[in-house]
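Listed here are the chains, written in short residue letters.
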Amino acid sequence: MEALLMGMQEIRLEKGLSLEQLANLSGVDHERLAMFEGNPESVRNMHLDTACQISKALHCNVLDLHPDSGWRGGIHCAEDGLREIRRTRGYTQSELSEMTGIPQPNISWFETGYRSTSGMRLDTARRLSEALQCDPVDFLEK
């Protein structure tokens, strides 16, 4: 079975890790990991930085944790940060908003730092990365 068809628990078990081991490797506490595994719907609302921590520990793409099928990202781009990626792709904030269904002010907030991209919900990151054809971790400015 491919990783993209699995949930977080299946990926963890395939890697032979206990929840405690994943907590130690990822730095995400055991209770939160148990919540994500017990309620896959909650993964959509996971912050992007938390998804990055877990995916690094599991050696998978952050979108492999997302419960919906579809776009899986994985294409790193030369730019980092949502604004730079959007501009390089030639889109305005309004056009990106129309493509993703994410309100334009929210896109602006992520780009200006009013809201941190590390706190972006995984579902939001998935929709933006699909529209911009990039990996969602590229939204996290280095």
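Located above this text is the structure these notes cover.
Quick summary incoming for the structure in this document. Since we're looking at a predicted model, the values are computed, not measured. (Residues numbered from 1 in each chain as written. Predicted model: local features only at pLDDT ≥ 70, side-chain atom pairs only at ≥ 80, totals over all residues. Heavy atoms only, no water.)

Considerations on the overall build of the protein
Stage number 1. When helices and strands are counted, the protein shows eight helices and zero strands.
Stage number 2. Going residue by residue from the N terminus, the α and β elements of the protein occur as α-α-α-α-α-α-α-α.
Stage number 3. Expressed as a percentage of the 142 residues in the protein, the buried residues total 46%.
Stage number 4. In the protein, 58% of the contacts between residues at least 6 apart in sequence involve partners at least 24 apart.
Stage number 5. In the form shown here, the protein has an accessible surface area of approximately 7200 Å², with 48% of it arising from carbon and sulfur atoms. (Helix = DSSP H or I, 4+ residues; strand = E, 2+ residues; numbered from the N terminus. Buried < 20%, exposed > 50% of the residue type's maximum accessible area, 1.4 Å probe, protein only. Contact = heavy atoms within 4.5 Å. Areas by Shrake-Rupley, 256 points an atom, 1.4 Å probe, with all protein chains shown as cover.)

Some thoughts on the layout of surface pockets
Space left empty within the atom packing is revealed by a probe, the size of a water molecule, rolled over the atoms.
Stage number 1. Of the pockets and cavities examined, the largest pocket occupies roughly 190 Å³.
Stage number 2. Every residue along the wall of the largest pocket is listed here: Cys52, Ser55, Lys56, Cys60, Asn61, Val62, His76, Asp135, Val137 and Leu140.
Stage number 3. Taken together, the residues that form the lining of the largest pocket break down as five nonpolar, three polar and two charged. (1 Å grid on protein atoms, 1.4 Å probe; cavity = no way out; pocket = protein on both sides within 12 Å on 5 of 7 lines; lining within 4 Å. Points joined across faces, edges and corners; volume = space filled by probe spheres on them. Nonpolar A, V, L, I, M, F, W, Y, C, P; charged D, E, K, R; others polar.)

Digging into the packing of aromatic side chains
Stage number 1. For the coordinates displayed, the defined rule picks out one aromatic pair.
Stage number 2. Centre to centre, the rings of Trp109 and Tyr114 are 5.6 Å apart; their planes meet at 50°, and the pair counts as tilted.
Stage number 3. We classify Trp109 as partly exposed; its relative accessible area is 29%. (Phe/Tyr/Trp six-rings, centres within 6.5 Å; stacked < 30°, edge-to-face > 60°.)

Remarks on unusual backbone geometry
Stage number 1. Its identity is not glycine, yet His59 carries a phi of approximately 55°, on the positive side.
Stage number 2. Here His59 lies in the loop between α4 (48-58) and α5 (82-89).
Stage number 3. We classify His59 as exposed; its relative accessible area is 67%.
Stage number 4. Positive phi values are uncommon outside glycine, yet Gln133 reaches one of about 55°.
Stage number 5. Residue position: Gln133 is located in the segment after α8 (122-132).
Stage number 6. Classification of Gln133 as partly exposed rests on a relative accessible area of 41%.

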